[in-house]
Amino acid sequence: MKIAFFSDIHANLPALEAFFEDVASENVDAIYCLGDLVGYNVWPNEVIHEIRKRHIPTIMGNHDEALLQPISKETKPSNKTLTRTLVTDENRAYLINLPRQLSLQFTTNHTPFNVLMVHGSVKAINDYMVVDYPENEVLQMMDEQHADVLLCGHTHKPFHRIIKNGNTFKHVVNIGSVGKPKDGDPRLCYTILELNQTTSSTNPDAIKVTFKRAAYNVEKAAKAIEESDFDPAFAEALRLAK
């Protein structure tokens, strides 16, 4: 089975459109979104519309969660306040009612193999699951959730980490960011996970993880920020992928 996972679009419609074009060529069996549809740019409603019309299972990100708060009165509107003023009531209701986790269970040779999706980590929606996160804490989180694979976003920096746990192996996969990469590569990033009938937690090569990069119109997204009330530093961050 071939599954695509994407996250952290952050209202970047040109990047999302390029993602859908690229993933269409991959012939995947399913697509899941790990949250943060909004924030930092001018197309939150358009991004939500594109994901909802495709009925893509989606979890809540911390920027989506921020819409639970009412609009605050600020001298200089923040990213969160500007996003709140842009998002329609219908789309806000969609975002604030998203689940915080999703899980998939595969069974091979009568043995379950579990994939858990979170935005930050099991601990918190805004927890940064970095590549050197303390191993004992990662294992504790995954054991509590009976997860063999933990998929996350939030840091905007992709990696695949394999941790030996007794006679089994755990996989932590940060899937990167479609709309706001922070790893020095401005191209959008998403992840394809492949499993088959031999997938097992006792095999460190049980899953195939591919980080896909695709170019998109970065300048269109950056200029939209510069022509809005959002901080122009967000535009330069897109260009530099920082």
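Residues numbered from 1 in each chain as written. Predicted model: local features only at pLDDT ≥ 70, side-chain atom pairs only at ≥ 80, totals over all residues. Heavy atoms only, no water.

### A few points about the overall build of the protein
Broken down by element type, the protein carries 8 helices and 9 strands. Computed over the C-alpha atoms, the radius of gyration of the protein is 18 Å, within 12% of the 18 Å expected from 2.2 N^0.38 for a compact globule of 242 residues. Projecting the C-alpha coordinates of the protein onto the three principal axes gives extents of approximately 55 × 35 × 30 Å. For the protein, the residues scored as buried account for 56% of the 242 residues in total. Looking at the protein alone, contacts between residues at least 24 apart form 69% of all its contacts between residues at least 6 apart. Within the protein, the 31 negative side-chain charges are centred at a point lying 1 Å from the centre of the 25 positive side-chain charges. (Helix = DSSP H or I, 4+ residues; strand = E, 2+ residues; numbered from the N terminus. Rg over C-alpha atoms; globule rule 2.2 N^0.38 Å. Buried < 20%, exposed > 50% of the residue type's maximum accessible area, 1.4 Å probe, protein only. Contact = heavy atoms within 4.5 Å. Lys, Arg positive; Asp, Glu negative; His and termini not counted. Charge placed at Lys NZ, Arg CZ, Asp CG, Glu CD.)

### Quick notes on the side chain of S201
Considering the arrangement of structural elements, one finds S201 in the loop between β8 (188-194) and β9 (208-214). If near-sequence neighbours (up to four positions away) are discounted, S201 is found in contact with F113, D148, T168 and F169.

### With respect to the packing of aromatic side chains
One pass over the full model with this rule turns up 6 aromatic pairs. Taking the centre distance of 5.2 Å and the plane angle of 50 degrees together, the rings of F19 and F20 count as tilted. Its relative accessible area of 0% is what places F19 among the buried residues. For the pair Y40 and F234, a centre-to-centre distance of 4.8 Å together with 85 degrees between the ring planes defines the contact as edge-to-face. (Phe/Tyr/Trp six-rings, centres within 6.5 Å; stacked < 30°, edge-to-face > 60°.)

### Brief notes about the sheet that holds strand β1 (residues 2-6)
Pairing is mixed in the open sheet, where 4 strands are placed in the order β2-β1-β8-β9. Looking at which strands have only one partner, the edges of the open sheet turn out to be β2 (30-33) and β9. Each adjacent strand pair in this sheet contributes to an overall mean axis angle of 25 degrees, direction not counted. Bridge analysis of β1 against β2 gives 4 bridges, and the strand direction is parallel. Paired with F6 across the two strands is C33, which belongs to β2. (Pairing = 2+ DSSP bridges. Axes fitted to C-alpha atoms, helices over the stretch in contact; angles between N-to-C directions.)

### Some points on the sheet that holds strand β5 (residues 149-152)
Sheet architecture is open: 5 strands sit in the order β3-β4-β5-β7-β6, paired in mixed fashion. Lying at the two open borders of the sheet, with one neighbouring strand each, are β3 (102-108) and β6 (159-165). On average, adjacent strands in this sheet sit at an angle of 15 degrees to one another, irrespective of strand direction. Across 4 bridges, β5 lies against strand β7 (residues 168-174) in parallel orientation. Within β7, the residue paired with V149 across the bridge is H171.

### Side note on the nonpolar core
Core analysis: the biggest nonpolar cluster contains 44 residues, and F6, I9, F19, L37, I51 and Y190 have the highest contact counts within it. Looking at this core, the elements that each hand over two or more residues are β1, α1 (13-24), α2 (44-53), α5 (89-96), β8, α7 (218-226) and α8 (233-240). With 7 residues, α1 is the single largest residue contributor to this core. In this view, F6 contacts L16, F19, I31, Y32, C33, L34, I51, I56, I175, V178 and Y190; residues no more than four positions away in its chain are not counted. Core analysis: the next-biggest nonpolar cluster, separate from the first, contains 19 residues, I3, L34, L151 and I207 among them. (Core = buried A, V, L, I, M, F, W, Y, C linked by side-chain atoms within 4.5 Å.)

These values are about where atoms sit, not about what they do.
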